[in-house]
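Listed below, chain by chain, are the residues.
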Amino acid sequence: MAAVWNGMSASAVFYSIFFGMILLILVKKDRRYLLILVGIVFGVCLFFIQNAAADREIEQIKSVSLQKYQGEVIDTIEREKGTACILKRDGMEGKIILYYSGNEIIYPGDKIQVWASIEMQEAASNPGQFSSKNYYFSKGIYYISFADQIQILDYSSKNISIGVVQTRQFIKKQIHQQYGKEAVSFVQGMLLGDKSEISDVQKDDFKESGLIHLLAVSGLHISLAGRGIYRIFRRIGFNFCISSFAGIFTAGYYCILTGLSVSSIRAFLMLGVYFLSQILGKSYDILSSASFAGIVILTRRPFYIWDSGFILSFTAVLAIGCIQQIEPEWNGMQGQIKKRMVFPMAIQMGMLPVTIYLQYETPILSFLANVAAVPIASAAFSMTLLFVWFPVLPIHRMVQWMFQIVIWISKQDYGLWTVGKVPFLWVCICYFIFLLSLKKDIKIGFHIRILGIYAGILLMTVIPMMQPRNITFLDVGQGDCMMAETAGGMFMVDGGSSSVKHIGRYRVLPYLKYCGYQKIKIAIITHMDADHYSGILELLGMGKIEYLGMPKISKDTAYKKIEKAAIKNGTKLFYLSKGKKIYGKDFSLKVLHPEANSQLEKNAASIVLQGEMIGRKLLLTGDVEKEGEEILLKDGLQKTEILKIAHHGSRNSTSETFLKLTKPELTVISCGKKNRYGHPHEEVLKRLRKYGSRVKRTDQQGAVTLEEVMD
């Protein structure tokens, strides 16, 4: 329920009533369920109290224009260019993440003065986009700041904090000396949670193989570190108390050393419960332990309920706990082999609904990757942690080979299945089926239970396929990007930005997955300005575009660069000029401009498309301005329902004559917030109001989505 909670939305009310009724029924059967009901009510109240307090503080900060402020450094993160610091300012509940580009060395505990303004964390403005607001709010960071000048007012007296930073730096130095270039970034990610040197390609490989958990310090790593020390102390001859204390101290220090991720905190708390059970001679219950950890974490930070890492981490533990209740006895060598195969598959099955809900896709055979990679990675991790303190030894070469095997495993294909956005109700139904399958009084075998649940989930994927198609103008900052779902696949016109970096990877690709596609069928670049092609160039490099259309004009450097990237990655090129048509089952677009081999200036020679898509009449004008518009007015323009305004609302575009001829019912303006060009200009907005066209702006509303018109 909390995963979809959004203020007072209708969905939140529906799911709260839905789950409330189920719990009331359960309470009638067993009074112990009353504790769960009380816990949920308490958690929701705590969430809203924290949310209201955050809103009040943010409004107060907005009303004060700060250009200089002071704060204490809580933590530091090394970056490729500069340092990121987490700051705590007196009188503020929310912390600040400061990106500092200077050369001053900063340690946790330092008190600094910063010459910069404080900005609010922004929510995602496009469907499927990563929400930095939700992510940072879950960590208690409400604000963001950028500075190239600071002053250290008081140096840290916290020896532990300095020791943690120095230990981290020492380990990084050792890793660079002990391992080859290919393995270094992976080892740093696995051992320290430092993914700064991991390439986007490698991250994609691990994500698409279901091994992404190996690139972050997760519960697996904390458990290996803590229990490893515990076992060593027990074998030496120490008693339960001393061994447990050594194990929990190691796990706690390692948790701090690696940045206190929510999964590592969860593992640390559960490990503490495990050691306590060993000392007291009590049995250990994984679900009770996880419940305790969840209560502690959410009581301290209610916004963690927004964090996908929190949701996935606890879902994995819940899946393991439930599977253990129905798991048969596995005896002998053959039994252990079967367990190693079936157990990862069962965990993947348990996490599948939530993984699809949060990430829109999942590798179907990722359990095979985990069966092969996790034992090797676990052994390599333990050996790395043990020998990281030593100079370079022959054993480091063996460990590197083990890491390279894991990297090779991650590069294989495990049947990536992109489903798209599914309703939260779908997740609820899936887990309801799981609960039925876990009932012990149902006399069916373990394998049949697992296969039955898998089959049910696969059949239920028809739900997202039944959703209506959309035309969406994405918010890409100061740039343009239109995405349309057609019967033949995703159709894209432009995709670039001059104010936001990497929109291909972080805005277009998430939206593509949100809609249930792995590739763009057809992309068109209207002209060779970076704010129209930068994201498309990224996607070409990732092999995510099948066909690319470009204007048939003289080729400049940018044009040749795009052509080269397309040819290299197997994208088929075609060229457009006046009179050409692009059509499919549910769309037909005509190129109105420019003439073939036009010598017009870059913007004036933009491709202009008019026609119909998924039942909507639209006119897409690229950056065509006065000179190009004058040519269009002489021939070809028709009345339209939707106009994507030219050049982000420049004063030299969208004349009165143009509007009188096209009569758009809705005008979409794609531009960046507070852009330096002043787009859209007030003169253009006045003209649009005069001709009665409704205006939607990506800088104010985020992505603009229009649903398919059904006959």
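The rules behind these values
- Residues numbered from 1 in each chain as written.
- Predicted model: local features only at pLDDT ≥ 70, side-chain atom pairs only at ≥ 80, totals over all residues.
- Heavy atoms only, no water.
- Buried < 20%, exposed > 50% of the residue type's maximum accessible area, 1.4 Å probe, protein only.
- Helix = DSSP H or I, 4+ residues; strand = E, 2+ residues; numbered from the N terminus.
- Pairing = 2+ DSSP bridges.
- Contact = heavy atoms within 4.5 Å.
- Axes fitted to C-alpha atoms, helices over the stretch in contact; angles between N-to-C directions.
- Parallel < 35°, antiparallel > 145°, perpendicular 65-115°, else oblique.
- Nonpolar A, V, L, I, M, F, W, Y, C, P; charged D, E, K, R; others polar.
- Salt bridge = Lys/Arg side-chain N within 4 Å of Asp/Glu carboxyl O.
- Patch = residues over 30% accessible without salt bridge, like charges linked within 9 Å, V, L, I, M, F, W, Y side chains within 5 Å.
- Areas by Shrake-Rupley, 256 points an atom, 1.4 Å probe, with all protein chains shown as cover.
- Lys, Arg positive; Asp, Glu negative; His and termini not counted.
- Charge placed at Lys NZ, Arg CZ, Asp CG, Glu CD.
- 1 Å grid on protein atoms, 1.4 Å probe; cavity = no way out; pocket = protein on both sides within 12 Å on 5 of 7 lines; lining within 4 Å.
- Points joined across faces, edges and corners; volume = space filled by probe spheres on them.
- Phe/Tyr/Trp six-rings, centres within 6.5 Å; stacked < 30°, edge-to-face > 60°.
- Polar contact = N/O pair within 3.5 Å; in protein donor to acceptor, adjacent residues only side chain to side chain.
- Core = buried A, V, L, I, M, F, W, Y, C linked by side-chain atoms within 4.5 Å.

A.B. asks: I would appreciate a short explanation of the pairing of strand 21 (residues 666-669) in the present structure.
C.D. replies: In summary, the side chains of a regular strand alternate between the two faces of the sheet. Across the two faces of strand 21 the burial is the same, with Leu666 and Val668 and Thr667 and Ile669 all buried. Here strand 20 (residues 642-644) pairs with strand 21 via three bridges, running parallel. Across the sheet, Ile642 pairs through a bridge with Leu666, a residue of strand 21. Here four bridges tie strand 21 to strand 22 (residues 694-697), and the two strands are oriented parallel to one another.

A.B. asks: In this structure, what is going on with the environment of Leu512? I would like to understand it.
C.D. replies: One can find Leu512 in helix 18 (residues 503-514). The exposure class of Leu512 is buried, given its relative accessible area of 0%. Each C-alpha atom of the pair Leu512 and Thr418 lies 9.6 Å from the other, and the pair is 94 residues apart in sequence. Setting aside residues no more than four positions away along its own chain, Leu512 makes contact with Met483, Met490, Tyr517, Gln518, Lys519 and Ile520.

A.B. asks: Even after reading the chapter, I still don't get the packing of helix 5 (residues 181-192) against helix 14 (residues 394-410), so can you show me in this structure?
C.D. replies: In a packed pair of helices, the relevant descriptors are the angle between the two axes and the axis-to-axis distance. Two elements in contact, helix 5 and helix 14, have axes separated by 10 Å at closest approach and are oriented at 85°. Here helix 5 lies roughly perpendicular to helix 14, going by the angle between them. Packed against helix 5, whose contacting residues are Glu182, Ala183, Phe186, Val187 and Met190, the element helix 14 presents Gln400, Phe403, Gln404, Val406 and Ile407 at the interface. Class assignment for the residues of the contact of helix 5 with helix 14 results in seven nonpolar, two polar and one charged.

A.B. asks: For this particular structure, what's the right way to read the pattern of salt bridges?
C.D. replies: Should their charged atoms come close, side chains of opposite charge can pair. Enumeration according to the criterion identifies 15 salt bridges in this entry. Residue Glu641 is joined to Arg616 by a salt bridge in which the shortest nitrogen-to-oxygen separation is 2.7 Å. Highlighted residues: Glu641 in the loop between helix 21 (626-634) and strand 20 and Arg616 in strand 19 (residues 616-620), separated in sequence by 25 residues. You'll find Glu641 and Arg616 in the same group, each marked buried. Among the ionic pairs, Glu683 bridges to Arg651, the shortest N-O distance being 3.1 Å. Of this pair, Glu683 sits in helix 23 (residues 682-690) while Arg651 sits in the loop between strand 20 and helix 22 (656-662), and the two are 32 residues apart along the sequence. We classify Glu683 as partly exposed; its relative accessible area is 35%. Taken together, the shared-partner salt bridges in this structure form one network comprising Asp200, Asp204 and Arg505.

A.B. asks: Is there a simple way to explain a positive patch on the surface in this structure?
C.D. replies: A contiguous patch of positive charge, built from Lys617, Lys639, Lys660 and Lys663, is present on the exposed surface. Tracing the backbone shows Lys617 in strand 19.

A.B. asks: Would you mind showing me how to read the sheet that holds strand 3 (residues 95-100) here?
C.D. replies: Note: strands within a sheet are paired through backbone hydrogen bonds, in either parallel or antiparallel orientation. The strand order across the open sheet built from seven strands is 5-6-3-2-1-4-7, with neighbouring strands paired in mixed fashion. Edge positions in the open sheet fall to strand 5 (119-120) and strand 7 (150-154), since each of these has one partner strand only. As paired strands, strand 3 and strand 6 (residues 141-147) are joined by six bridges and run parallel to one another. Within the sheet, the bridge partner assigned to Tyr99 lies in strand 6 and is Phe146.

A.B. asks: Where do I start with empty space enclosed by the protein in this structure?
C.D. replies: Tallying each qualifying case throughout the model produces one cavity of 30 Å³ or more. Of the voids in this model, the largest cavity is the one considered here, and its volume is about 80 Å³. What lines the largest cavity is simply Phe473, Asp480, Cys481, Met482, Val493, Asp494, Thr526, Leu620, Thr621, Gly622, Lys644 and Ser670. Put simply, the parts of the chain that give the lining of the largest cavity at least two residues each are strand 11 (479-486) and strand 12 (489-497). Here the lining of the largest cavity gets three residues from one element, more than from any other, and that element is strand 11. Across the lining of the largest cavity, the residue classes break down as five nonpolar, four polar and three charged.

A.B. asks: Would you take a moment to explain the packing of aromatic side chains for this structure?
C.D. replies: Two measures describe an aromatic ring pair: the distance that separates the ring centres and the angle between the ring planes. The tally for this structure, following the rule as stated, stands at 22 aromatic pairs. A ring pair is formed by Phe170 and Trp389, whose centres lie 6.0 Å apart and whose planes are at 15°; its orientation type is stacked. You can see Phe170 sitting in helix 4 (residues 159-178) and its partner Trp389 sitting in the loop between helix 13 (366-387) and helix 14, a full 219 residues away along the chain. Judged by its relative accessible area of 45%, Trp389 falls in the partly exposed class. Judged by centre distance (4.6 Å) and plane angle (40°), the ring pair of Phe310 and Phe314 falls under tilted. Taken as a pair, Phe310 and Phe314 lie in helix 11 (residues 308-326) at a separation of four residues, close to a single helical turn. Under the relative-accessibility criterion, Phe310 is labelled buried at 7%.

A.B. asks: Explanation requested: the sheet that holds strand 11 in the structure shown.
C.D. replies: The mixed open sheet is built from seven strands, whose spatial order is 15-14-13-12-11-10-23. Edge positions in the sheet fall to strand 15 (572-576) and strand 23 (704-707), since each of these pairs with one other strand and no more. Neighbour-to-neighbour, the strand axes of this sheet turn through a mean angle of 20°, independent of strand direction. Packing against the sheet, helix 18 makes contact with strand 10 (470-473), strand 11, strand 12 and strand 13 (520-524), and its axis sits at approximately 155° to strand 12. The strands that helix 20 (residues 557-568) touches are strand 14 (545-551) and strand 15; relative to strand 14, the one it contacts most, it runs at about 160°.

A.B. asks: Would you take a moment to explain the side chain of Arg697 for this structure?
C.D. replies: Turning to its location among the elements, Arg697 is positioned in strand 22. Owing to a relative accessible area of 15%, Arg697 belongs among the buried residues under this scheme. Of note is the side chain of Arg697, whose polar atom sits 2.8 Å from the side chain of Asp699.

A.B. asks: When you look at the nonpolar core in this model, what are you seeing that I'm missing?
C.D. replies: The nonpolar side chains of a soluble globular protein tend to be buried with one another. Leu87, Leu98, Val114, Tyr143 and Phe310 are the most contacted members of the largest nonpolar core, which totals 54 residues. Those residues within four positions of Leu87 in sequence are excluded, and the remaining contacts are Tyr69, Glu72, Val73, Ile74, Lys95, Ile96, Leu98, Ile112 and Val114. Core analysis: the second largest hydrophobic core is formed by 41 residues, Leu191, Tyr274, Ile409 and Tyr414 among them.

A.B. asks: In this structure, what is going on with the environment of Pro375? I would like to understand it.
C.D. replies: Inspection of the secondary structure puts Pro375 in helix 13. Exposure remark for Pro375: the relative accessible area of 35% places this residue in the partly exposed category. Taking the C-alpha atoms as reference points, Pro375 and Val406, separated by 31 residues in sequence, lie 9.7 Å from one another.

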